[in-house]
Amino acid sequence: SNRASAMAIPPRIVPKGLRPFDANDSKSFLPLVPGPRDRDGLPESIHQWKVRIEAGELEDTFSVGVLYGPSGCGKSSLVRAGLLPRIAPHVHTVYVEATADRTEDRILRRLLLRYPELTSAGNLSDCLAALRCGCGPADGSKLVLVIDQFEEWLHGRREADRRLLVQALRQCDGTRLQCLLLVRD
């Protein structure tokens, strides 16, 4: 009975002000998510992304997905505290916050930290191509690149300056490599 009463105690929710919830807040975040839940108590809004990210067949997944909404609505929290901590072990993730001028470099640095064998691959597009072709995560695994605050990159660049990242994201195939963009309205 002590175990049952301990399980009934809801997790303590610590306010974070304007900062997003993250993996450390994973247990206390779920009760804050409104809407229907699956049989395991996972909110449908998280469950739908989870299924599409974990899928291995092209028709069940996506290459580049967009989570779009107004500032402060909880996009970053939904992904950082709700989705990423619950992703299956075969899905590797790299999370990057976009900036107006250094996004490509930040992504490349994070990828090289995670997969040092990519150092000989070259630029960002070449690294993502190498990941898609089998470098990095083991067979049967995939990498999801999450780029938060993507509007910073969009608004900080002229169209001609966007080519490098656009070419790199074309390497996303949905089965071995995916990208999730979080964009403020």
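Residues numbered from 1 in each chain as written. Predicted model: local features only at pLDDT ≥ 70, side-chain atom pairs only at ≥ 80, totals over all residues. Heavy atoms only, no water.

Enquirer: What is the right way to look at the nonpolar core in this model?
Expert: The tendency in soluble globular proteins is for nonpolar side chains to be buried side by side. By size, the foremost hydrophobic cluster in this structure holds 25 residues, and its most contacted members are Ile-107, Leu-111, Leu-124, Leu-145 and Ile-147. When contributions to this core are tallied by element, the ones reaching two or more residues are strand E2 (91-97), helix H5 (103-114), helix H6 (124-132), strand E3 (142-148), helix H7 (150-155), helix H8 (163-169) and strand E4 (177-184). Counting 22 residues, the second largest nonpolar core, distinct from the first, contains Leu-42, Ile-53, Leu-84 and Tyr-95. (Core = buried A, V, L, I, M, F, W, Y, C linked by side-chain atoms within 4.5 Å. Buried < 20%, exposed > 50% of the residue type's maximum accessible area, 1.4 Å probe, protein only. Helix = DSSP H or I, 4+ residues; strand = E, 2+ residues; numbered from the N terminus.)

Enquirer: Quick question: what am I supposed to make of the packing of aromatic side chains here?
Expert: Two descriptors summarise a pair of aromatic rings, namely the distance from one centre to the other and the angle between the planes of the rings. According to the stated counting rule, one finds three aromatic pairs in the structure shown. Consider the rings of Trp-49 and Phe-62, whose centres lie 5.7 Å apart with planes at 85°: the pair is edge-to-face. Of this pair, Trp-49 sits in helix H3 (residues 44-54) while Phe-62 is found in the loop between H3 and strand E1 (64-69), placing the two residues 13 residues apart along the sequence. Across the pair, Phe-62 and Trp-49 agree in class, each one buried. (Phe/Tyr/Trp six-rings, centres within 6.5 Å; stacked < 30°, edge-to-face > 60°.)

That's the geometry; what it means functionally is another story.
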